Amino acid sequence: MKPARFKGARLVGLLVATAAFTFAILVFTPFSLPWNHPLHLQLQAGAYGELNPGAWVELSGTRVGSVDNVRYSNGYALIGVSIDPRYADRLHADTAAAIRPHGLLGPNYVFLQGGSTGSLPDGASIPLSRTTVSTDFGQVLNSLQPDVRANLKTIFVELGRAADGRGAAMNAAFLALGQSSSDVSTTTTVLHNRADDLAGLISASEQLDRDLQSAPIDRQIADTDLVLSGLVQVEDAIGSGIDHTAAVTQELDTALSGNSANLAHILSKGPATIDQLRVVASELDGVIVGVNPALPCLMQAVLETKSAFGGQDGNGHYVRVQVVPTGNGHAPSPPCGTGSPTSEIPPIHDQELISLFLGN
């Protein structure tokens, strides 16, 4: 009985050891099944700077593989990459690739665009026509002259010094910038709602431009030039008039200077003087009213005087004397201008009377 039990225990121990060994192999060295094989591809690329083995391969922002090796043939690079089999079905026959830098100064990586038609077998090549290379910052710097690179280095160093210790202020500025995005969104919404009005404004502006282009601006400029020429010609006359006005004003100022008391006295006497002139005018009006009825007799007297002293014969001038009877016991005297020898003289007009008095 003992040998049989001992053999059974040895068999159980052997089975346990075998199972443990198999489990260790499965954990640390998984089976390489056909659907677990990575997809190997080759990319043809031009000059791209530096791409190290082990660099990332991304598809839609997800890391799907890595760069295995980089070789050069026929003037271009052959980049071997391995793709995780989980993402192999996302790559199609028209897959495109791009070599890009991570950030501004980060290392280069391979970016894949999966395409949409066909399938991509293991070992396939992506030709140079579907591979693009982004110019990284290092290539830009290497293309610059040494003095320019030194100046850029100085600029970056000084910017670093300027930003040192200002992280809180920069964060506050970025926070304020983020908060202002809502205002920008509101403004954009308003502009979008006023798109028709803006289109109308643009159309009106275009119409205004066309009107200005077709307007006779050259003729208006010529008329303006003619007006300016006329103004230049009368400039001297205008200047002389202004100078004369200034001189008259200065003389008037000189005349009035110091005479304010006299002017005030004259103005104070003005109302009394006007009253006196009114009295004189009323008296003259009474005189004229009294003289007016006697004007015919005065005129007749003047005429009679001319008739009496205006006679002339061979002996020279003579004076005519006429006896006028009184009205005592006789007929009343005729009124002025009738019943006298000179009554037949035609009446004299006002202009003739003025000429007689003034001797004209």
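Everything quoted here is computed from the prediction, not taken from an experiment.

Attention shifts here to the overall build of the protein chain. Of regular secondary structure, the protein chain possesses 10 helices and 10 strands. Across the 360 residues in the protein chain, those meeting the buried criterion constitute 13%. Intrachain contacts of the protein chain at a sequence separation of at least 6 include 60% that bridge at least 24 residues. Carbon and sulfur atoms form 62% of the exposed surface of the protein chain, whose accessible area is close to 27,200 Å².

What follows is about the confidence of the model for the protein chain. Of all residues in the protein chain, 73% attain a pLDDT of 70 or more, and the chain-wide mean is 76. Note that residues 339–344 has pLDDT below 50 and, in this model, 10 contacts with residues that lie over four places away or in other chains.

To continue, consider the nonpolar core. Considering soluble globular proteins, one finds that nonpolar side chains tend to be buried as a cluster. With 22 residues, the main nonpolar core has Ile83 and Leu112 as its most contacted residues. Those elements that place two or more of their residues in this core are β1 (39–45), β2 (56–59), β3 (62–73), β4 (76–83), β5 (96–101) and β6 (108–113). In terms of residue count, β1 provides more of this core than any other element does, four residues in total. In this structure, Ile83 is in contact with Pro38, Leu39, Leu41, Val57, Val64, Gly65, Leu91 and Leu112, ignoring residues within four places of it in sequence.

What the rule picks out here adds up to zero aromatic pairs. Across from the ring centre of Phe111, 4.2 Å away, lies the NZ or CZ of Arg100, which sits over that ring.

Time to look at the pattern of salt bridges. If the charged atoms of two oppositely charged side chains come close together, the side chains can form a pair. Tallied over the full model, the rule gives four salt bridges. Close ionic contact of Asp84 with Arg86 constitutes a salt bridge, the shortest N to O distance being 3.1 Å. Across the salt bridge formed by Arg161 and Glu158, the nearest N and O atoms sit 3.4 Å from each other. Placement of the pair is Arg161 and Glu158 together in helix α3 (residues 146–163), with a separation of three residues, close to one helical turn.

Residues of β1 alternate between two faces, with Leu39, Leu41, Leu43 and Ala45 buried on one and His40, Gln42 and Gln44 left unburied on the opposite face. When β1 meets β4, the two strands line up antiparallel, connected through seven bridges. Note that in β4 the partner of Leu41 across the bridge is Val81. Taken together, the two bridges between β1 and strand β7 (residues 125–126) define a ladder with parallel strand orientation. Of the residues in β7, the one forming a bridge with Gln42 is Ser125.

Examined against the element boundaries, Ala124 turns out to sit in the loop between β6 and β7. For the pair Ala124 and Leu39, spaced 85 residues apart in the sequence, the C-alpha separation amounts to 9.1 Å. The contacts of Ala124, once residues within four sequence positions are left out, are His40, Leu41 and Gln42.

Looking at the secondary structure, you find Thr131 in strand β8 (residues 131–133). Thr131 sits in the buried class, given a relative accessible area of 10%. A polar atom in the side chain of Thr131 sits 3.0 Å from the backbone oxygen of Pro127. Residues within four places of Thr131 in sequence aside, it is in contact with Gln44, Ala45, Ala97 and Ile126.

Along the chain, Thr95 turns up in the loop between β4 and β5. There is a polar contact of 2.5 Å between the side chain of Thr95 and the backbone oxygen of His92. Residues contacting Thr95, with those up to four places away along its chain left out, are Gln113, Gly114, Gly115, Leu120, Ile126 and Arg130.

In spatial order, the strands read β7-β1-β4-β3-β2-β6-β5-β8; together these eight strands make up an open sheet with mixed pairing. With partners counted over all chains shown, the strands left at the sheet margins are β7 and β8, one partner each. Summarising the sheet, β5 and β8 pair through three bridges and their orientation is parallel. Its bridge partner being in β8, Ala98 is matched across the sheet by Thr132.

Further remarks concern the pairing of β6. Put simply, side chains in a regular strand alternate between the two faces of the sheet. Where burial is concerned, most of β6 is hidden: five out of the six residues are buried. In terms of strand pairing, β2 meets β6 through three bridges, oriented parallel. Within the sheet, the bridge partner assigned to Glu58 lies in β6 and is Phe111. Where β5 lies against β6, six bridges are found, and the strand directions are antiparallel. Within β6, the residue paired with Ile99 across the bridge is Val110.

This brings us to a nonpolar patch on the surface. The grouping of Val227, Leu228, Leu231, Val234, Ile238 and Ile242 at the surface amounts to a nonpolar patch, some 540 Å² of accessible area in total. Looking at the nonpolar patch, the elements with two or more residues in it are α6 (217–233) and α7 (235–256). Residue contributions to the nonpolar patch peak at three residues, all from α6. In this structure, Leu231 sits in helix α6. You can call Leu231 partly exposed: its relative accessible area is 48%.

About the thresholds
- Residues numbered from 1 in each chain as written.
- Predicted model: local features only at pLDDT ≥ 70, side-chain atom pairs only at ≥ 80, totals over all residues.
- Heavy atoms only, no water.
- Helix = DSSP H or I, 4+ residues; strand = E, 2+ residues; numbered from the N terminus.
- Buried < 20%, exposed > 50% of the residue type's maximum accessible area, 1.4 Å probe, protein only.
- Contact = heavy atoms within 4.5 Å.
- Areas by Shrake-Rupley, 256 points an atom, 1.4 Å probe, with all protein chains shown as cover.
- pLDDT = per-residue confidence, 0-100.
- Core = buried A, V, L, I, M, F, W, Y, C linked by side-chain atoms within 4.5 Å.
- Phe/Tyr/Trp six-rings, centres within 6.5 Å; stacked < 30°, edge-to-face > 60°.
- Lys NZ or Arg CZ within 6 Å of the ring centre and 35° of its normal.
- Salt bridge = Lys/Arg side-chain N within 4 Å of Asp/Glu carboxyl O.
- Pairing = 2+ DSSP bridges.
- Polar contact = N/O pair within 3.5 Å; in protein donor to acceptor, adjacent residues only side chain to side chain.
- Patch = residues over 30% accessible without salt bridge, like charges linked within 9 Å, V, L, I, M, F, W, Y side chains within 5 Å.

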